[in-house]
Amino acid sequence: MFDKTERILVAVSGGKDSLALWHILLMLGYQADALYVNLGIPGYSDRSLEKVQRFADLVAKPRGALLHVHKVEKEEGAGIQELADLVHRPPCSVCGTIKRYQFNHLALEHRYDVMATGHNLDDEAARLLGNILHWQTDYLEKQGPVLPASMEGFAKKVKPLYRLTERELAAYCVLTRIDYVVEECPMAQGARTLLYKDVLNRLETHSPGTKQSFYWGFLAMQGRSSLHPQAMAASDQALLHPCLTCGQPTVADHCAYCKLMARAKQTMSH
Ligand code: SF4
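Let us look at the structure shown here. Along each chain, residues carry numbers from 1 onward, in the same order as the chain's sequence is written. Per-residue local features of the predicted model are confined to residues with pLDDT of at least 70, and side-chain atom pairs are confined, for both listing and counting, to 80 or more; whole-chain, interface and lining totals are unaffected and use all residues.

**Considering the overall build of the protein**
Basically, it comes down to this: Numbered from the N terminus, helices here are DSSP runs of H or I no shorter than four residues, and strands are runs of E no shorter than two. When we talk radius of gyration, it's over C-alpha atoms, and the globule rule is simply 2.2 Å times the number of residues to the 0.38. Three exposure classes are used, based on other C-beta atoms lying within 10 Å of a residue's own C-beta, which is placed from the backbone: buried for 20 or more, exposed for 12 or fewer, and partly exposed in between. Here the contact rule is simple: place C-beta atoms from the backbone, and any two residues whose C-beta atoms are within 7 Å are in contact.
Along the protein, the regular secondary structure elements total twelve helices and eight strands. Relative to a compact globule of 270 residues, whose C-alpha radius of gyration would be 18 Å, the protein shows 19 Å and is just as compact. Considered along the principal axes of its C-alpha atoms, the protein spans approximately 55 × 45 × 40 Å. The buried share of the protein, taken over its 270 residues, is 35%. Residue pairs in contact within the protein that sit at least 24 positions apart in sequence constitute 72% of those at least 6 positions apart.

Written out as structure tokens, the structure reads:
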């Protein structure tokens, strides 16, 4: 995924997984800075930022690591719920588009070699289940712990915690006294991912090891097939070109972020 000569940008949310990841990387001596995207969700965003800031002050800064903060209300002109209302899309879809764009943008602007997220085994198994249930083969092809930089304009993405469960990461935070935001993002209520996680947990209770064999089995199969993300990255190159507005890679004339922002601005002006 990376070595100690490379500069890593960790996406932190204030939750246990991302703070555990940042902590592990710093303790192991990696060069790891972080980005927190403040979504402008009343109450929740302030509480998460407080946890991230505290961690940065106590653990990261003394080790020479930086925290970048991106404020959606300031940069995109409205909080996540308001933007979602303006473009008539679910908040999580708007959030995903903004976070992916800003994470990639900052990584390229500050020349980070790799972007890391705190996705764990439970997240990846639930995502795999969702992709299979709906036969989203495009997503299946790109699901993996390492997504290489596909061309100039997309930074490499890794998920170093993909082998660890949520419970293991919660235990790590307790043992290392990491103070994280325990509550879920209020927008997650009713999200299908939570249902898939619940189903997988029930299977796990009856048959321990199910999540591991499900996800790791998929990765083993993927490694033997043309679905491997390394192979996909090569085929992606042919389809991608710079967005006409911002220059980030896209398969259309304008990238998803620029289309989203153009639509939001158009609605705001009416
Ligand atoms: S639950 Fe939705 S809005 Fe909240 S952080 Fe996750 S994707 Fe974003």
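**Some thoughts on helix α1 (residues 16-27)**
Rules: Here, expected helix span is obtained from the residue count minus one, scaled by 1.5 Å.
Counted at 1.5 Å a residue, the expected span for α1 with its twelve residues is 16 Å, and the 16 Å between its end C-alpha atoms agrees. With respect to burial, α1 is a largely interior element, ten of its twelve residues being buried. K16, D17, S18, L19, A20, L21, W22, H23, L25 and L26 are the residues of α1 that are buried. On the buried face of α1, the contacting elements are β1 (7-12), β2 (31-38), α2 (44-60), β4 (114-116) and α8 (166-175).

**Considering the site of the ligand**
Our working rule: Here, nearness means that the C-beta atom of a residue, built from backbone geometry, sits within 6 Å of the molecule or strand in question. In the scheme used here, Gly and all other residues not listed as nonpolar or charged are polar, with Ala, Val, Leu, Ile, Met, Phe, Trp, Tyr, Cys and Pro taken as nonpolar and Asp, Glu, Lys and Arg as charged.
Close contacts around the ligand come from I80, P91, C92, C95, G96, C185, M187 and A188, and that covers them all. Per-element accounting of the shell around the ligand gives the leading share, four residues, to helix α5 (residues 91-109). Here the shell around the ligand is composed, by residue class, of seven nonpolar, one polar and no charged.

**Side note on the sheet that holds strand β6 (residues 156-158)**
Going by this rule: Between any two strands, at least two bridges found by DSSP are needed for them to pair. The axes are straight lines fitted to the C-alpha atoms, using for helices just the contacting stretch, and the angles between their N-to-C directions are given from 0 to 180°.
Spatially, β3-β2-β1-β4-β6-β5 is the arrangement adopted by the six strands of the open sheet, whose pairing is mixed. Looking at which strands have only one partner, the edges of the open sheet turn out to be β3 (67-71) and β5 (146-147). Sheet topology places β2 next to β3; five bridges connect them, and they run parallel. Bridge pairing in β3 links L35 to H68. Each of β1, β2 and β4 is contacted by α1, which is oriented at about 155° to β1, the strand it contacts most. Contacts from α5 reach β1, β2, β3 and β4, with the element oriented near 145° to β2.

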